[in-house]
Amino acid sequence: MFISIHANAAKKSRAKQAHGIESYFLSPARSSRAKRVAKLENSAIGNLHSTTQNILLNFLNKNRIIDSTKLSIDIQKSLIYNLKKQYQNIRDGGVRPAPFWVLVGTNMPAILIEMGYLSNKMEAKRLNSKTYQKKLAKYIADGIENYFRKNP
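Residues numbered from 1 in each chain as written. Predicted model: local features only at pLDDT ≥ 70, side-chain atom pairs only at ≥ 80, totals over all residues. Heavy atoms only, no water.

Q: So what exactly am I meant to see when it comes to the overall build of the protein chain here?
A: Helix and strand content of the protein chain: four helices and four strands. Listed by position from the N terminus, the elements making up the protein chain come as β-β-α-α-β-β-α-α. Counting only residues that meet the buried cut, the protein chain has 44% of its 152 residues in that class. Taking the intrachain contacts of the protein chain between residues at least 6 apart in sequence as the baseline, contacts between residues at least 24 apart amount to 85%. As presented, the protein chain carries roughly 8,900 Å² of accessible surface, and 55% of it is formed by carbon and sulfur atoms. (Helix = DSSP H or I, 4+ residues; strand = E, 2+ residues; numbered from the N terminus. Buried < 20%, exposed > 50% of the residue type's maximum accessible area, 1.4 Å probe, protein only. Contact = heavy atoms within 4.5 Å. Areas by Shrake-Rupley, 256 points an atom, 1.4 Å probe, with all protein chains shown as cover.)

Q: Would you mind showing me how to read the sheet that holds strand S1 (residues 2-8) here?
A: The sheet built from four strands is open, its strands ordered S1-S4-S2-S3 with mixed pairing. A strand with exactly one partner marks an edge of an open sheet, and here the two such strands are S1 and strand S3 (92-98). Taking each pair of neighbouring strands and ignoring which way they run, the sheet shows an average axis angle of 20 degrees. Where strand S2 (residues 21-26) lies against strand S4 (residues 110-117), four bridges are found, and the strand directions are antiparallel. (Pairing = 2+ DSSP bridges. Axes fitted to C-alpha atoms, helices over the stretch in contact; angles between N-to-C directions.)

Q: Looking at this structure, I do not really get the nonpolar core. What am I missing?
A: A general trend in soluble globular proteins is that nonpolar side chains are found buried together. Membership of the largest hydrophobic core comes to 19 residues, with the highest contact counts inside it found for Ile 75, Leu 79, Leu 83 and Ile 113. Of all the secondary-structure elements, those providing two or more residues to this core are S2, helix H2 (50-84), S4 and helix H4 (130-150). If we skip the residues at most four places from it in the chain, Ile 75 touches Ile 3, Ile 111, Ile 113, Ile 140, Gly 143 and Ile 144. The next biggest cluster of nonpolar side chains, apart from the first, holds nine residues, and it includes Leu 26, Ala 98, Phe 100 and Ala 110. (Core = buried A, V, L, I, M, F, W, Y, C linked by side-chain atoms within 4.5 Å.)

Written out as structure tokens, the structure is:
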């Protein structure tokens, strides 16, 4: 499997209210928010027309979209469930489809996790903590184990 781990950020005007952990699986963008996020994430590789993106995504990754969806759900559940027991203000940003090019063309389930917002002071402090980082890694590993248990 392929897991791309990121730290999110928001504009200064939204920094205080923007927080949470989000998981994405490769799929054509279905909402305007997903399209906006994907455009920003994919900016390093240039822009393709959205119709061209959707055709490529469906053609290259059709078989892996279902497995990637299941993997992202299992990891997101593990992260949120375990972190909420230990920390306040853990927000479940959900599992969402998005056409991130870092996930395109993989031959295995592939997801992207936004671990929190560096622009949010509370989350930035947590993300910089070795203890918190180790917990994130453990809960991601637990989610992977859950995925394999359900999908032998």
